[in-house]
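Examining the three-dimensional arrangement
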Amino acid sequence: MNDVREVNLSDGVVTLSPPGPDDVDAHLAGEDELQIRWLSGKPAARADIEAYFRRCAEQWSTRGPLRAFGIRLADGEALVGYIDLRFDVVGLAPGQANISYTLYPDWRGRGLVTRAVRLICRYAASEGVAQAVIRVDPENPASAAVARRSGFVHDRRIVEEGGELNDWYLLDLPAM
């Protein structure tokens, strides 16, 4: 794949496409205390986000274990959040892939992440994933609600390798 922007998934309301250098400012502007708490643990630095987006592009070009997407409204290029699919998370069984997501504060409560999860699940199935996994901190009810609205079913609560407590939500994907 020469241009990572070739990957573009849409349901007519939400579009997913790989993040690029032009998205760094929007990502930094959208970060809030909830994103820091649930995803990164610390405020992002510009250099770190630039390096991460370069890594995302590299992963796309080499078909690596990370497939990152910016969440955009279908009628524009504005970045409103982020979602990724990971094939290499510790504890996943063969055929499983992990989904994680965030939506910037101005865009929450509109069902956009649920749409993004459904889109990324279709993409995952096309890549041979049999089961999608969403891991959620039990103290993050909004993320758990997204998983349930997207059709995922609570499977178990476990202490992850790094000591984090997470609820695992699973969704069997259709073979494509």
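Only a predicted model underlies this, so the values are computations on that prediction, with no experimental measurement involved. (Residues numbered from 1 in each chain as written. Predicted model: local features only at pLDDT ≥ 70, side-chain atom pairs only at ≥ 80, totals over all residues. Heavy atoms only, no water.)

**Points about the nonpolar core**
Convention followed: Put simply, a nonpolar core is a bunch of buried Ala, Val, Leu, Ile, Met, Phe, Trp, Tyr and Cys residues held in one set by side-chain atoms that sit within 4.5 Å of each other. Three exposure classes are used, based on accessible area relative to the maximum for each residue type with a 1.4 Å probe and protein chains only: buried under 20%, partly exposed in between, and exposed over 50%. Put simply, DSSP H or I for four residues or longer makes a helix, DSSP E for two residues or longer makes a strand, and each gets a number counted from the N terminus.
The biggest cluster of nonpolar side chains holds 35 residues, and the ones touching the most others in it are Leu16, Ile83, Ile99 and Phe152. When residues of this core are traced back to their parent elements, those giving at least two are β2 (14-17), β3 (66-73), β4 (79-86), β5 (96-103), α4 (112-126), β6 (131-136), α5 (141-149) and β8 (165-172). The element contributing the most residues to this core is α4, with ten residues. Among the nonpolar cores identified, the runner-up in size contains seven residues, and Ile49, Phe53, Leu66 and Tyr82 belong to it.

**As for the sheet that holds β5**
Here is the rule we go by: DSSP calls a pair of strands paired once it identifies at least 2 bridges connecting them. Whether two residues are in contact is decided by their heavy atoms: any pair within 4.5 Å suffices. In this analysis an axis means a line fitted to C-alpha atoms, helices contributing only their contacting stretch, and an angle means the value between N-to-C directions, from 0 to 180 degrees.
Spatial strand order, β1-β2-β3-β4-β5-β6-β8-β7: eight strands in an open sheet with mixed pairing. Every other strand in the sheet has two partners, leaving β1 (9-10) and β7 (153-159) as the edge strands with one partner each. Direction of pairing for β4 relative to β5: antiparallel, over a ladder of six bridges. Residue pairing across strands places leucine 85 opposite isoleucine 99, the latter belonging to β5. α4 contacts β1, β2, β3, β4, β5, β6 and β8 of the sheet and is inclined by roughly 35° relative to β4.

**Notes on the pattern of salt bridges**
Convention followed: By salt bridge we mean one thing: a side-chain nitrogen of Lys or Arg within 4 Å of a carboxyl oxygen of Asp or Glu.
Considering all chains together, one arrives at ten salt bridges under this definition. Between aspartate 167 and arginine 157 there is a salt bridge, with its nearest N and O atoms 2.6 Å apart. Linking aspartate 167 in strand β8 with arginine 157 in strand β7, this pair joins segments that are ten residues apart in sequence. One network of salt bridges, in which partners are shared, links Asp25, Arg46 and Glu50.

**Regarding the side chain of glutamine 96**
Defined as follows: Any pair of nitrogen or oxygen atoms within 3.5 Å is treated as a polar contact; in protein, a donor-acceptor pairing is required on top of that, and neighbouring residues in sequence qualify only through side-chain atoms on both sides.
Within the secondary structure, glutamine 96 sits in strand β5. The class of glutamine 96 is buried, set by a relative accessible area of 11%. For glutamine 96, the side chain forms a polar contact with the main-chain nitrogen of alanine 93, separated by 2.7 Å. Among all residues touching glutamine 96, those that are not within four sequence positions of it are Phe87, Gly91, Val129, Gln131, Val133, Trp168 and Leu170.

**Topic: the environment of alanine 45**
Considering the arrangement of structural elements, one finds alanine 45 in the loop between α2 (33-40) and α3 (46-62). For alanine 45, a relative accessible area of 34% translates into the label partly exposed. Residues alanine 45 and cysteine 121, 76 residues apart in the sequence, show an inter-C-alpha distance of 30 Å.

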